[in-house]
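The residues making up each chain are set out below.
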Amino acid sequence: LTYPLIGNYGVPDEKELDEHGLPVNFEWFEGITVAALVVGEVCESPSHWRTRQTLSRWMEDHGVPGISGIDTRALTKKIRENGSILGRIVYEMPAANVQILTFADPNLRNLVAECSVKEQRVFNASGTPRICAIDCGLKLNQIKCLVARGARVDLVPWNYALKEEEFDGLFISNGPGDPVVCKDTVTQIQKVLKNGKKPIFGICLGHQLLATAIGCKTYKMKYGNRGHNLPCVHNDTGRCFMTSQNHGFAVDSETLPAEWEPLFTNANDNTNEGTIKQ
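Residues numbered from 1 in each chain as written. Predicted model: local features only at pLDDT ≥ 70, side-chain atom pairs only at ≥ 80, totals over all residues. Heavy atoms only, no water.

### Thoughts on the sheet that holds strand β11 (residues 272-277)
The following threshold applies: At least two bridges found by DSSP between two strands is the condition for calling them paired. Only DSSP runs of H or I reaching four residues or more are called helices, and only runs of E reaching two or more are called strands; each is numbered from the N terminus. Convention adopted: a line fitted to C-alpha atoms gives each axis, helices being fitted over their contacting stretch, and angles between N-to-C directions are expressed from 0 to 180 degrees. Any two residues whose heavy atoms approach within 4.5 Å at even a single point are treated as in contact.
Read from one edge of the open sheet, four strands run β9-β8-β10-β11, paired in antiparallel fashion. Because the sheet does not close on itself, it has two edges, and the strands there are β9 (240-251) and β11. Taking the axes of each pair of neighbouring strands and ignoring which way they run, one obtains an average angle of 35° across the sheet. Relative to strand β10 (residues 260-266), strand β8 (residues 218-234) is paired through three bridges, and the arrangement is antiparallel. Across the sheet, the residue bridging to Cys-232 is Asn-266, located in β10. Across the sheet, helix α6 (residues 205-213) lies against β8, β9 and β11, angled at about 60° from β9, the strand it touches most.

Pasting the structure below:
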């Protein structure tokens, strides 16, 4: 993280749940999903009315390593020059020994399978319409947004065998890693697409998986599009929207089938940010 001070709000209550059994203060069901955290300065005396513990204590309880006192902006410059690169935290190792280190490449793992729910969960069971949400690593606010509008949400694992009679619409969540790894998810999406009777919406990785299901190619970006104020142009109206994004892979618009077209295009780098069937 490049922000100069991290942890000054502390960590809120992990166990507080809303009326649907979803954590109030967190976007995941449990734990920490990063392998490690690198910051310039960490605050050990947080000041916020919701604080229950420090960032350091929270990470220690979950077995996640972190390091502070790092020039994170210098580190960012290296990433800017080289693109996304592998790294690891090393403690008191002679510089000569660095060459013998090995680096674990997360893109070789099925990260979606690691972070997806293991069994189906239902939220707002009496709600309507009934939305089937494929959990590829979703943020819980996506469920909250749907149930707040009266919908029932059936959250299912990434490789769940979809049955169209069980839902009115299909939602494919965001998530980590390369969409090519999620072959089981793509197969299930293709099943629903073949009948063409149910609306499908994919966000981030979900968008890439939907694009893969219709025959598009995807590719790994040098840096990825990450941030809160990224401009996207709606292809039909020319209207520009400021969006939040966090994706390292992108859809190749040149490979779209004839009956599909781009919906949004990133104004910074002209990458595809959405597709729609004509």
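Past the structure itself, the notes keep going.
### Things to note about the pairing of β8
Where β8 lies against β9, 10 bridges are found, and the strand directions are antiparallel. Counted as the bridge partner of Arg-226 is Asn-246 from β9. The loop that links β8 with its antiparallel partner β9 comprises five residues; one of these, Gly-238, has a positive phi angle of about 80°.

### A word on the UniProt feature "domain: Carbamoyl-phosphate synthase small subunit N-terminal" (unreviewed entry) in the protein chain
Condition: UniProt positions are given in the numbering used here, feature names are shortened, and annotations may be inferred rather than shown by experiment.
Taken from the UniProt record, the annotation "domain: Carbamoyl-phosphate synthase small subunit N-terminal" (unreviewed entry) applies to residues 1-90. Between the end C-alpha atoms of residues 1-90 there is a gap of 18 Å, over a span that is 20% helix and 4% strand.

### Describing the pattern of salt bridges
Rules: Here a salt bridge means any side-chain nitrogen of Lys or Arg lying within 4 Å of a carboxyl oxygen belonging to Asp or Glu. Throughout this description, buried means an accessible area under 20% of the type-specific maximum (1.4 Å probe, protein chains only), exposed means over 50%, and partly exposed covers the range between.
Inspection of every chain in the model, using the stated rule, returns four salt bridges. Here Arg-130 makes a salt bridge to Asp-154, at a shortest N to O gap of 2.8 Å. Linking Arg-130 in strand β4 (residues 130-134) with Asp-154 in strand β5 (residues 152-156), this pair joins segments that are 24 residues apart in sequence. What makes Arg-130 partly exposed here is its relative accessible area of 26%. Where Asp-154 meets Arg-152, a salt bridge forms, and the shortest distance between an N and an O atom there is 2.7 Å. The structure contains a network of salt bridges with shared partners spanning Arg-130, Arg-152 and Asp-154.

### Focus on the packing of aromatic side chains
Using the following cut-off: By convention, a stacked pair of Phe, Tyr or Trp rings (six-membered ring in the case of Trp) has centres within 6.5 Å and planes under 30 degrees apart, an edge-to-face pair has planes over 60 apart, and any other such pair is tilted. A ring is scored as having a charge over it whenever the NZ atom of a lysine or the CZ atom of an arginine sits within 6 Å of its centre and within 35 degrees of its normal.
All chains considered together, the criterion is met by four aromatic pairs. Where Phe-241 meets Phe-264, the ring centres are 5.8 Å apart and the plane angle is 85°; that geometry is what we call edge-to-face. Within this pair, whereas Phe-241 is found in strand β9, its partner Phe-264 is found in strand β10, the two being separated by 23 residues in sequence. Overall, the relative accessible area of 22% leaves Phe-264 in the partly exposed class. We note Arg-121 situated over the ring of Phe-29; from NZ or CZ to the ring centre the distance is 4.3 Å.

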